Amino acid sequence: MSACLFTVVCGELAAAPPPFLNFRGLLTHRDQTVKVVCFGDSVTGVYYHTGGRRAYTDLVKIALEKTKPRATIEAVNAGTSGNTTRDALARIETDVLAHQPALVTVMFGLNDMTRVPLEEFRENLTKIIHLCRDAGAEVLLCTPNSVYDTKGRPQVVLEKYVEAVHQVGRAEQVEVADCYAAFQSLRSRDEFAWALLMSDEIHPNLDGHKLIAEEIVQAVIGRRVLLKDLPVSTPPMPWTKGKLQQRQPIHVLAMPPYDGQIKVAIRRRYPNADIKVTPWETAGKTLGDIEAQAKSIRELAPDLVIVAVPIEKTASSREQFVRTYSWILNYSLSFGQRTWDVVVVDPALEGELRDAQQRAQARLVRDLVRAQDLPLIPRSDESKARAAGSITEWVGTQFEDTTPGAPTKPPAPRE
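Residues numbered from 1 in each chain as written. Predicted model: local features only at pLDDT ≥ 70, side-chain atom pairs only at ≥ 80, totals over all residues. Heavy atoms only, no water.

### So, the overall build of the protein chain
Link 1 in the chain: Assigned secondary structure in the protein chain consists of 16 helices and 12 strands.
Link 2 in the chain: Taking all contacts inside the protein chain whose residues are at least 6 apart in sequence as the whole, residues at least 24 apart take part in 78%.
Link 3 in the chain: In the structure as shown, the protein chain presents an accessible area of about 18,400 Å², 51% of it carried by carbon and sulfur atoms. (Helix = DSSP H or I, 4+ residues; strand = E, 2+ residues; numbered from the N terminus. Contact = heavy atoms within 4.5 Å. Areas by Shrake-Rupley, 256 points an atom, 1.4 Å probe, with all protein chains shown as cover.)

Quick look at the structure:
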């Protein structure tokens, strides 16, 4: 829903100038960096639900560069987990305005609905708009994504906060990127397709963030830029590779049989590496048991996690499989920006899939892994490839030195 495009001049209705004229003009310059700050809560920030390496802020930059190749765009992620608009006002000077952005996107509501009264939410959004405008930035309001209907976040309450965003947009003549409507439109057509955009009950996975970025960019430049086929983040194992190059010991948590194979695969490239491998046992465990085991991974803080859920592990429905498998991936990742690597093994790597149900489940796993922006060890030969050979080959290619003499440093842990 767009904000009101009319204003009163000398008692008469006059057309307001089209939104984002200044920002669009800046995108045509080669010699100027255009800054975009995406301001929000954990959905905006870089956390486990998107794989821990990027979120919709990064995708907005990619989409803008696709349509405006002359532009130099800097996208700043100002999303913090648990934040409400109260928290936003407390940190807007340092986290947003200090960057001197040309555009600020504002997405709050999922936490406000649990502890900030509706009227205060509207007032806080209005204050955010005024502060950004006073600093010379244009503003785009964004409604939050839709979520699973839970006791903590009932759908009926969320919809009131979504409408409040539109009300503020109309009152302040600010455009609104209606991400909530985009998610709900898909949900009304295909509930399962909507579920595949969600990493958990609240947060979208990276596929969901692609939809958010598409809505934002369309609102800003008036053109849809599709991001569906955006490849997974590379390199696949920067943390592990960095530690190996610096001759530091690494700790690997791996599901069998890859707990035995991974050490051999790594030592093909780093023969003197100090490698500790902890098996993540799956034998005799249900899919739910494996999810429960995954909850302890963050306490271990490994350097590499290899997820290889046996194809025989099923759930009561495909919807339940998606939610449980997604949580296995979520718990395998560090909470915030990625401070260890997670790699998933294609279910077909161990051998032929027996029937149509297993083949469908394998396709679903591949979709979930890609949607989480995680690397997948594929089957190198679709006929009769041996798993050990495939994992050794794949690991070897990831550890090739593309820039000799310039070791990859593992990212610093996030505070």
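### Examining the pattern of salt bridges
Link 1 in the chain: Here the structure, examined in full by the defined rule, presents 17 salt bridges.
Link 2 in the chain: Here E201 and R323 are joined by a salt bridge, their closest N and O atoms 3.0 Å apart. Taken together, the residues E201 in the loop between α8 (191-195) and α9 (206-221) and R323 in helix α14 (residues 318-332) connect sequence positions 122 residues apart.
Link 3 in the chain: Salt bridges sharing partners connect three or more residues here, namely D207, K210 and R370. (Salt bridge = Lys/Arg side-chain N within 4 Å of Asp/Glu carboxyl O.)

### A word on the pairing of strand β6 (residues 138-142)
Link 1 in the chain: Within β6, five of the five residues are buried, leaving the element largely enclosed by the surrounding structure.
Link 2 in the chain: For β6 and strand β7 (residues 176-177), the ladder comprises two bridges, and the chain directions are parallel. Bridging across to β7, C142 finds its partner in A177. (Buried < 20%, exposed > 50% of the residue type's maximum accessible area, 1.4 Å probe, protein only. Pairing = 2+ DSSP bridges.)

### A closer look at unusual backbone geometry
Link 1 in the chain: In this chain, T234 is followed by P235 through a cis amide linkage whose omega measures -5°.
Link 2 in the chain: At the junction of P256 and P257, the peptide bond is cis and its omega measures out at 5° in the coordinates.
Link 3 in the chain: Relative to the elements of secondary structure, P257 occurs in the loop between β8 (250-254) and α11 (258-269).
Link 4 in the chain: Of note, Q100 is a non-glycine position whose phi angle comes to about 50°, a positive value.
Link 5 in the chain: With respect to the helices and strands, Q100 occurs in the loop between α3 (85-95) and β5 (103-107).
Link 6 in the chain: Look at Q100 and you get exposed, because its relative accessible area is 66%.
Link 7 in the chain: Phi at R247 takes a positive value of approximately 60°, unusual for a residue other than glycine.
Link 8 in the chain: Structurally, R247 can be placed in the loop between α10 (238-245) and β8.
Link 9 in the chain: Given the relative accessible area of 76%, R247 is considered exposed.

### Remarks on the side chain of T143
Link 1 in the chain: The residue T143 is located in the loop between β6 and α6 (155-172) in this model.
Link 2 in the chain: The exposure class assigned to T143 is buried, which follows from its relative accessible area of 0%.
Link 3 in the chain: With residues up to four places along the chain from it excluded, the contact list for T143 reads M107, V162, V165, H166, V176, A177, D178, C179 and Y180.

### Some words on the packing of helix α5 (residues 118-134) against α6
Link 1 in the chain: At their nearest, the axes of α5 and α6 sit 10 Å apart, and the two run at 40° to each other. Classed by the angle they form, the pair α5 and α6 counts as oblique. The chirality of how α5 crosses α6 is right-handed. Contacts from L118, F121, R122, L125, T126, I129, H130 and R133 of α5 reach α6 at K160, Y161, A164, V165, Q167, V168 and E172.
Link 2 in the chain: Counted by class, the contact of α5 with α6 contains eight nonpolar, three polar and four charged residues. (Axes fitted to C-alpha atoms, helices over the stretch in contact; angles between N-to-C directions. Parallel < 35°, antiparallel > 145°, perpendicular 65-115°, else oblique. Left-handed = near helix turned anticlockwise from the far one by under 90°. Nonpolar A, V, L, I, M, F, W, Y, C, P; charged D, E, K, R; others polar.)

### Considering the sheet that holds β5
Link 1 in the chain: Taken together, five strands build an open sheet; the order of strands is β4-β3-β5-β6-β7 and the sheet is parallel. Single-partner strands in this sheet number two, and they are β4 (72-79) and β7.
Link 2 in the chain: As paired elements, strand β3 (residues 33-40) and β5 share five bridges and run parallel to each other. When the bridges of β5 are listed, V37 appears paired with V104.
Link 3 in the chain: In this fold helix α2 (residues 56-67) packs onto β3, β4 and β5, with an angle of close to 160° to the strand it touches most, β4.

### Here's the deal with the nonpolar core
Link 1 in the chain: If you look at the biggest cluster of nonpolar residues, it comprises 74 residues, and the most contacted ones within it are F23, F39, L64, L140, L141 and I216.
Link 2 in the chain: It is α9 that provides the largest number of residues to this core, a total of nine residues.
Link 3 in the chain: Other than its neighbours up to four places away in sequence, L141 contacts V106, L125, I129, V165, V168, G169, V174, E175, V176 and A177.
Link 4 in the chain: Core analysis: the second largest hydrophobic core is formed by 53 residues, A254, I290, I306 and V369 among them. (Core = buried A, V, L, I, M, F, W, Y, C linked by side-chain atoms within 4.5 Å.)

### Details of the environment of A137
Link 1 in the chain: Relative to the elements of secondary structure, A137 occurs in the loop between α5 and β6.
Link 2 in the chain: In sequence terms A137 and K35 are 102 residues apart; their C-alpha atoms lie 9.6 Å from each other.
Link 3 in the chain: The residues touching A137, leaving out its near neighbours within four places in the chain, are P101, A102, V104 and C132.

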